[in-house]
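Survey of secondary and tertiary structure
In case you want the letters, here they are:
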Amino acid sequence: MRLLTRSYDEFSEYFNPNIEETLEKYTSDIQGIGMLQEFKLLQTNSPATSPDVFARLEENIKKLQERLNDHYSPRADYYRLLMSHSYYEHHEDHPSIRSVLNETIQLLEEHPKLGSRDRNGVPFFHLASLELRQMAFESAVDNASKAREMFYPKMINYFNAGALKIWAMIYAGKVEEVEEVFKQLAWFIEFPQSMHNVGIH
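The paragraphs below set out a description of the structure included in this document.

1. Some details on helix α4 (residues 94-110)
Helical periodicity: at 3.6 residues per turn, an α-helix aligns residues three or four positions apart in one direction. For α4, spanning 17 residues, the distance from its first C-alpha to its last is 24 Å, which sits close to the expected 24 Å at 1.5 Å a residue. Listed as buried for α4 are S96, I97, V100, L101, T104, I105, L107 and L108. Residues of α4 that are buried in the fold lie against α3 (74-90) and α5 (117-133).

2. Topic: the environment of E89
Tracing the backbone through its elements, the reader meets E89 in helix α3. Since its relative accessible area comes to 24%, E89 is described here as partly exposed. Separated by 41 residues in sequence, E89 and L130 place their C-alpha atoms 9.6 Å apart. With near-sequence residues (within four places) excluded, E89 lies in contact with I97 and R133.

3. Some words on the layout of surface pockets
The computed volume of the second largest pocket comes to approximately 170 Å³. Lining the second largest pocket are E58, I61, K62, R80, S84, Y87, Y88, S96, S99, V100 and E103. Those elements giving two or more residues to the lining of the second largest pocket turn out to be α2 (51-70), α3 and α4. Grouping the constituent residues of the lining of the second largest pocket by class yields four nonpolar, three polar and four charged.

4. With respect to the pattern of salt bridges
Counting across every chain of the model gives eleven salt bridges. Notably, a salt bridge pairs D77 with R80, separated by 2.6 Å at the nearest N-O pair. In this pair, D77 and R80 both sit in helix α3, three residues apart, roughly one turn of the helix. By the burial criterion, D77 is buried, and R80 matches it. Via salt bridges that share partners, E38, R56, E59 and K63 belong to a single interconnected network.

5. Some points on the nonpolar core
Formed by 28 residues in total, the largest nonpolar core has its most connected members in F125, L132, A147 and F151. Breaking this core down by element, the ones donating at least two residues are α4, α5, α6 (137-150), α7 (156-171) and α8 (175-185). Non-local contacts of A147, meaning those with residues more than four positions away in its chain, are made with G121, F124, F125 and A161. Within the second largest apolar cluster, 19 residues are counted, among which are M35, V53, Y79 and V100.

6. Observations regarding the packing of aromatic side chains
How two aromatic rings sit relative to each other is given by the distance of their centres and the angle of their planes. Taken as a whole and assessed by the stated rule, the structure comprises five aromatic pairs. Arranged with centres 5.2 Å apart and planes meeting at 20°, the rings of F137 and Y171 form a pair that is stacked. In this pair, F137 sits in helix α6 while Y171 sits in helix α7, placing the two residues 34 residues apart along the sequence. On the basis of relative accessible area, F137 is assigned to the buried category, the value being 18%. The structure contains a cluster of three or more aromatic residues connected by ring pairs, namely F137, W167 and Y171. Lying across the ring of Y152, R117 places its NZ or CZ 4.3 Å from the centre.

7. Notes on the packing of α4 against α5
For any two helices packed against each other, one specifies the inter-axial angle together with the distance between the axes. It is at 9 Å that the axes of α4 and α5 come closest, and there the two elements cross at 155°. If you check the angle between α4 and α5, you find them roughly antiparallel. Our pair here, α4 against α5, has a crossing hand that is left-handed. Contact with α4, carried on its side by H94, I97, R98, L101, N102, T104, I105 and L108, involves R119, N120, P123, F124, H126, L127, L130, E131 and R133 of α5 and no other residues of that element. Residues of the contact of α4 with α5, tallied by class, amount to eight nonpolar, five polar and four charged.

8. A closer look at α3
Given a rise of 1.5 Å per residue, 17 residues ought to cover 24 Å, and the 24 Å separating the end C-alpha atoms of α3 matches this to within 8%. Every buried residue of α3 is accounted for by A76, D77, Y78, Y79, R80, L81, M83, S84, H85 and Y87. Downstream of α3 by one or two residues, E92 has phi in the positive range, about 55°.

Reading guide: rules and limits
- Residues numbered from 1 in each chain as written.
- Predicted model: local features only at pLDDT ≥ 70, side-chain atom pairs only at ≥ 80, totals over all residues.
- Heavy atoms only, no water.
- Helix = DSSP H or I, 4+ residues; strand = E, 2+ residues; numbered from the N terminus.
- Expected span 1.5 Å × (residues − 1).
- Buried < 20%, exposed > 50% of the residue type's maximum accessible area, 1.4 Å probe, protein only.
- Contact = heavy atoms within 4.5 Å.
- 1 Å grid on protein atoms, 1.4 Å probe; cavity = no way out; pocket = protein on both sides within 12 Å on 5 of 7 lines; lining within 4 Å.
- Points joined across faces, edges and corners; volume = space filled by probe spheres on them.
- Nonpolar A, V, L, I, M, F, W, Y, C, P; charged D, E, K, R; others polar.
- Salt bridge = Lys/Arg side-chain N within 4 Å of Asp/Glu carboxyl O.
- Core = buried A, V, L, I, M, F, W, Y, C linked by side-chain atoms within 4.5 Å.
- Phe/Tyr/Trp six-rings, centres within 6.5 Å; stacked < 30°, edge-to-face > 60°.
- Lys NZ or Arg CZ within 6 Å of the ring centre and 35° of its normal.
- Axes fitted to C-alpha atoms, helices over the stretch in contact; angles between N-to-C directions.
- Parallel < 35°, antiparallel > 145°, perpendicular 65-115°, else oblique.
- Left-handed = near helix turned anticlockwise from the far one by under 90°.

As structure tokens, then:
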């Protein structure tokens, strides 16, 4: 009721900063998704390991981070993390990959509306993949399990996480447990590919 008694100038002064900041956050989102789409387009039209692609990606990550320092948006930050993961994977920078994935998991936990079952599961999948490469097999089993819990059953992401878990279990010496996981994935060959989703991204 107090707002209804204010003058136009007072009303404008009260709301404009909030509106302007909301628009700035929206602009951060637009710039972030634009940079991510540009990277994907460059990947499609250039050799996979082209240094120009990743030089441009590094430039865009820095630009987006600078903008987020002034106008933070969780969604734009998520796009930054996706691009950063691709950048560090290209350079095989394992410590930075782990850091970015953990930051992604934390961001999605703090902002539930930002996530989805697949989106929440993907960083755990990538962590399991990284740990398999680093021969941290027990941790790979755990993170592959977490990814599977989040993915929709009978979809390709669920299958990929299960296959990753099987490899990690074999290397971890848990061969006796592999058969049960394998049985859970046997349905995959019984259905046409059109019934499955697009996979890890």
